[in-house]
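# Descriptive structure summary
Okay, here's what each chain looks like letter by letter:
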Amino acid sequence: MARAVHKMTRDNSKERYNFRETETKWQRAWEEGACFAVDDVATGPKFYVLEMFPYPSGRIHMGHVRNYTLGDVVARFKRAQGFSVLHPMGWDAFGMPAENAAIENKVPPGQWTRQNIESMREQLKAMGLSYDWSREIATCDPGYYRFEQKMFLDFLEGGIAYRKESTVNWDPVDQTVLANEQVVDGCGWRSGAPVERRKLAQWFLRITDFADDLLESLESLKAWPDQVRLMQEKWIGRSEGAHVLFAIEGRDDRLKVFTTRPDTLFGASFCAMAPDHPLAAELAANDKQLSEFIEKCQAMGTSEAVIETAEKEGYDTGIKIVHPFVEGKTLPLYVANFVLMEYGSGAIFGCPAHDQRDLEFARKYNLPVIPVVSPDGKPFEVEDTAAAGDGVLMESDFLNGLKKDDAIAAATKRLSEAGQGEAITLYRLRDWGVSRQRYWGCPIPVIHCETCGIVPVPESDLPVTLPEDVSFDQPGNPLEHHPNWKDVDCPTCGKPARRETDTFDTFFESSWYFARFCSPHAQTAFDAKAAQYWMPVDQYIGGIEHAVLHLLYSRFFTRALLKCGYGGVKEPFTGLLTQGMVCHETYRDEAGDWLFPDEVRHQDGGALVKTSDGSPVTAGRVEKMSKSRKNVVDPAAIIEEYGADTARLFMLSDSPPERDLEWSDTGVEGVWRYLNKLWRMMTEPPLPLAAGDAESPGDFSGTALETRRLTHKTIAAVTADLEGFRFNRAVARIRELTNHLFALETGGEAGSDAASLGWVLREGYEAVARLLAPMTPHLAEELWALLGHGESLVAGPWPEADSGLIVDEEVTVAVQVNGKLRATIQLPRDTDQEAAESAALELPEVSRVLGDKPVRRVIVVANRIINVVA
RNA sequence: GCCCGCUUGGCGGAACUGGUAGACGCAACGGACUUAAAAUCCGUUUUCCGUAAGGAAGUGGGGGUUCGAGUCCCUCAGCGGGCACCA
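Overview of the structure.

The rules behind these values
Residues numbered from 1 in each chain as written. Chains lettered and ligands numbered in written order. Predicted model: local features only at pLDDT ≥ 70, side-chain atom pairs only at ≥ 80, totals over all residues. Heavy atoms only, no water. Helix = DSSP H or I, 4+ residues; strand = E, 2+ residues; numbered from the N terminus. Buried < 20%, exposed > 50% of the residue type's maximum accessible area, 1.4 Å probe, protein only. Contact = heavy atoms within 4.5 Å. Areas by Shrake-Rupley, 256 points an atom, 1.4 Å probe, with all protein chains shown as cover. Lys, Arg positive; Asp, Glu negative; His and termini not counted. Charge placed at Lys NZ, Arg CZ, Asp CG, Glu CD. Polar contact = N/O pair within 3.5 Å; in protein donor to acceptor, adjacent residues only side chain to side chain. Salt bridge = Lys/Arg side-chain N within 4 Å of Asp/Glu carboxyl O. Pairing = 2+ DSSP bridges. Axes fitted to C-alpha atoms, helices over the stretch in contact; angles between N-to-C directions. Near = heavy atom within 4 Å. Nonpolar A, V, L, I, M, F, W, Y, C, P; charged D, E, K, R; others polar. Core = buried A, V, L, I, M, F, W, Y, C linked by side-chain atoms within 4.5 Å. Expected span 1.5 Å × (residues − 1). Disulfide = S-S within 2.5 Å.

The next point concerns the overall build of chain A. Assigned secondary structure in chain A consists of 26 helices and 35 strands. Within chain A, buried positions represent 53% of all 870 residues. Contacts in chain A between residues far apart in sequence, at least 24 positions, make up 72% of those at least 6 positions apart. Approximately 39300 Å² of chain A is accessible, and the part contributed by carbon and sulfur atoms is 49%. If you average the places of the 93 positive and of the 130 negative side-chain charges in chain A, the two averages end up 1 Å apart.

So this is what it looks like as structure tokens:
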């Protein structure tokens, strides 16, 4: 209710900044002037700014607003600095939500997606973002995905793509593969049926062939957050270790096991293999209990989080494994639910004394715990915690007395001499499975022929277009049910064959879109010259949730394309900024149901009530905005009520970009008030501004000089802050300058004449307008025009600070006694040690605290601090 | 479970490579203007003791290094992100 009143005041008052008119006016001017369009090959220094393109869900959310505001500030800042700036936008348009919408609302995915794109484009345009819209792409357009079908054919030919079996979550009722997020407590989210594991033949890309390069090149990505590089490093997970080939009692074949700790072989007390290990399957054929156990494991789902958090369980197969070094010693062989078939060879040996997981398993099944690596060289017992660290070998025959690393080398050497193993480098990283049993994705361009096997679609037949006349009336993949889409003649033998009905993982599309943006209308995936000019992306901006998968896949894809002769670069993203999430308080009513923020009213006294009926509301934690918790604020409503500049500036003001940001209505109000204050200030200056072309008065003193100093310090600081993405600090600095300029109006002009003040005030105003231009572009243009300028601010130039004005002659130095602040002292800049020391010792505050204690030492840090140690 | 982060006033945050903790903003409180309200303007605002001058404590808890620690090290706790078919 209160809100409605505000709105009226804002709209009707003549003294208020009319953002609606202004924002529309400038957006039109930029569009008409094609201010943000660039050529595929431009001239001069370039800067490529890219924000992660959105999935077209229908409406933009605050995460988008934050992401695209950050990118736009960088783009506008660089443009003002004279760079040719490529700043494109498009749509990551394939994906499951379109299929879900089709099932729930009976809308065809294509139609749904294209409508969403239309409305989201309008919303983005209302934000005043400086995109070159002529480069817009949508990945569901055959004109886009035809090139990735070609890439896949090239990958096949280059040996980068191959086919193998892997396991998926299968919903037996819906007859569909489930994403891990669609598996809730082991059951399908829609059907509620227990999920099964199924093996399917699928396409994979050999990302592991590039593992070393992807790992080593991380070091060159200096402008990436350390955190992200570390996460990728751990994800690739290079580990040096050994394969051990254990003999199996009563069998001719051997059990292959990977270990990073061959030194602990003498402490081994069991072996374990994955439930889907071929040997397990073989044994299960004659062991009903084992096959039941395996079935139980397979009901578990495929995600690592589920497997790792499940209680460790195993089944003793009764098979004995022969210890390679100890004559006559055997180890029991288990099938265990925590051993992954995808990693190493799908089997391990367990050394409970030195591995926590093995220890828990051993305790559960009463297996021996034999310590063989002693941290201090003395014999010891293991209780609840395994000794995973360094130490000296004991109870280990030929390894006794060796340090861990030497023992690893010695054990590996012995194994390899005996033909029982070898040193090996293993990666945690697995090959990228790109097949999806889904409709709304890019068709995989292969044909299955009974005679010829798998036949790639001839290049001349590309694109394989996704049909849109499909129905979601029955469970399963609509492509399978389509009357004739999959029927095709084999390109090799001409007999009837069928198309592959799987589509690509949507990470496929997002692994090269940044290259397409360089020449979005080219008749190849991308024009080599355009890519040469624009790539790599200088600054990529997006959510931290993409720290591993999307970013790693893109790095791999770029290398794979390079290998297949596409040209381009090796590393796609030079700089990376990972933004935090946008959060909001959560609300529940008396019944415990979630409420939207605009269903809740703050009463006087702080109590929260439901707007509709006044019933009490409880506020919950501040969490990431999500539809399920209803703690969302619609950006469109904010832009409608306060304008784009307010929304943008709020996004930049409070939190540094990489941290989470809490949305607050009062914060938005504060920004809105600030923008109005600026507008009023410049509409009616307190004293006559100097003319736009007035000569500098030359001499400045008093307030005028002080103001000039602040203006130039602000220019220098804001420039540095924008370079370092410290947007919140940049905003604070500009506000400080604004506060100072505002105070000039209301008095305090001592020591300065009106003429020089008028000149200085204009200098300050112009600095504020230009510094704000990347952040609140509409208002900045308006202010610039108010100050009498005809040209737009888009092309810059960026203001430059006068170096003579940013260093003070006098500095405030803190004086401490024994590390405690006792006084401050004004000293000329760069006062020498002795002078500073004696000045500090003369201070009454210092002598009072010192009393008659002798001074032992004085530490002087020039221009900063003097610490008297007594 | 594994990997990666984060934790500073009532709140969001600032503090460059170890050097005056709390910039800037929000909220709150007091005042001006107004018949009144809104808007705007001025002021106060880390906590505790004190009329004041001033003093003490203080950056999630505990310990350490240092003349000096929000910042570095160890440890514990809480919260969040990722975990390969969400994007």
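Right, picking up where we left off after that structure.
Our focus in this paragraph is the side chain of T558. Among the secondary structure elements, T558 is positioned in helix α17 (residues 549–563). Judged by its relative accessible area of 8%, T558 falls in the buried class. A polar contact of 2.6 Å, which involves the side chain of T558, links it to the backbone oxygen of S554. Each residue touching T558, except ones within four places of it in the same chain, is listed here: F514, V569, K570 and P572.

Summed over all chains, the structure comprises 44 salt bridges. Where E640 meets R20, a salt bridge forms, and the shortest distance between an N and an O atom there is 2.9 Å. Taken as a pair, E640 in helix α18 (residues 635–642) and R20 in helix α2 (residues 19–32) lie far apart in primary sequence, 620 residues in all. Between R726 and D721 there is a salt bridge, with its nearest N and O atoms 3.1 Å apart. Residue class for D721 comes out buried when judged on its relative accessible area of 1%. When salt bridges with common partners are traced through the structure, they connect D213, R555, R559, K570 and E571 into a single cluster.

With that settled, the discussion passes to the pairing of strand β34 (residues 857–861). Residues V858 and V860 of β34 are buried on one face, while the alternating residues R857, I859 and V861, pointing to the opposite face, are not. For β34 and strand β35 (residues 865–869), the ladder comprises 5 bridges, and the chain directions are antiparallel. The residue bridging R857 from the neighbouring strand is V869, located in β35. Hairpin remark: β34 followed by β35, antiparallel, with 3 residues in the connecting loop; positive phi at N863, about 65°.

A word on the sheet that holds strand β22 (residues 496–499). Pairing is antiparallel in the open sheet, where 4 strands are placed in the order β20-β19-β22-β21. In this open sheet, the two strands that pair with only one neighbour each are β20 (453–456) and β21 (487–489). Strand-to-strand twist of the sheet, defined as the mean angle between neighbouring strand axes without regard to direction, takes the value 40°. The sheet contact formed by strand β19 (residues 446–449) and β20 spans 4 bridges and is antiparallel. Its bridge partner lying in β20, V446 is registered against P456.

Around RNA strand B there are 70 residues in total, and R438, R621, R729, K820 and R864 lie nearest to it. For RNA strand B, the fraction of protein-proximal atoms (within 4 Å) that sit in sugar or phosphate groups is 65%. Within the backbone of M96, a nitrogen or oxygen atom sits 2.9 Å from a phosphate oxygen of RNA strand B. Between R430 and RNA strand B, the recorded distance is 2.9 Å, taken from a backbone N or O atom to a base nitrogen. Residue composition of the surface near RNA strand B, grouped by class: 23 nonpolar, 20 polar and 27 charged.

We now examine the side chain of S554. Following the sequence through the fold, S554 ends up in helix α17. A polar contact of 2.9 Å, which involves the side chain of S554, links it to the backbone oxygen of H550. The residues touching S554, leaving out its near neighbours within four places in the chain, are S510, S511, F514, P572 and F573.

Let us now look at the nonpolar core. Among the nonpolar cores identified, the biggest contains 173 residues, and Y48, F155, Y513 and W663 are the most heavily contacted of them. Ignoring anything within four residues of it in the chain, the contact list for W663 reads M62, V582, C583, H584, M625, V633, I638, F650, M651 and V668. Core analysis: the second largest hydrophobic core is formed by 35 residues, Y315, I321, L333 and L399 among them.

On to α17, then. Taking 1.5 Å per residue as the helical rise, α17 with its 15 residues ought to reach 21 Å, and the 21 Å between its terminal C-alpha atoms agrees with that figure. For α17, the buried fraction is high: 12 of the 15 residues fall into the buried class. All of the buried residues in α17 are H550, L551, L552, Y553, S554, R555, F556, F557, T558, R559, A560 and L561. Two residues or fewer after α17 comes G565, characterised by a positive phi angle close to 85°.

Attention now goes to the state of the cysteines. Counted according to the given criterion, the structure contains 0 disulfides. C564 takes part in no disulfide bond, and the closest cysteine sulfur to it belongs to C442, at a distance of 16 Å. The exposure class assigned to C564 is partly exposed, which follows from its relative accessible area of 23%.

On to the sheet that holds strand β33 (residues 820–828), then. Hydrogen bonds between backbone atoms are what pair the strands of a sheet, whose relative direction is either parallel or antiparallel. Overall, mixed pairing links the 4 strands, which are arranged β33-β32-β35-β34 in an open sheet. Edge positions in the open sheet fall to β33 and β34, since each of these has one partner strand only. In this sheet, neighbouring strand axes are inclined to one another by 20° on average, regardless of whether the strands run parallel or antiparallel. Relative to β33, strand β32 (residues 810–817) runs antiparallel, the two sharing 8 bridges. Residue V811 lies in a different strand from β33, and its bridge partner there is L827.

Two elements in contact, helix α19 (residues 644–653) and helix α24 (residues 777–786), have axes separated by 7 Å at closest approach and are oriented at 115°. Contacts from A644, D645 and R648 in α19 reach P777, H778 and L779 in α24. Residues that form the contact of α19 with α24 fall into these classes: 3 nonpolar, 1 polar and 2 charged.

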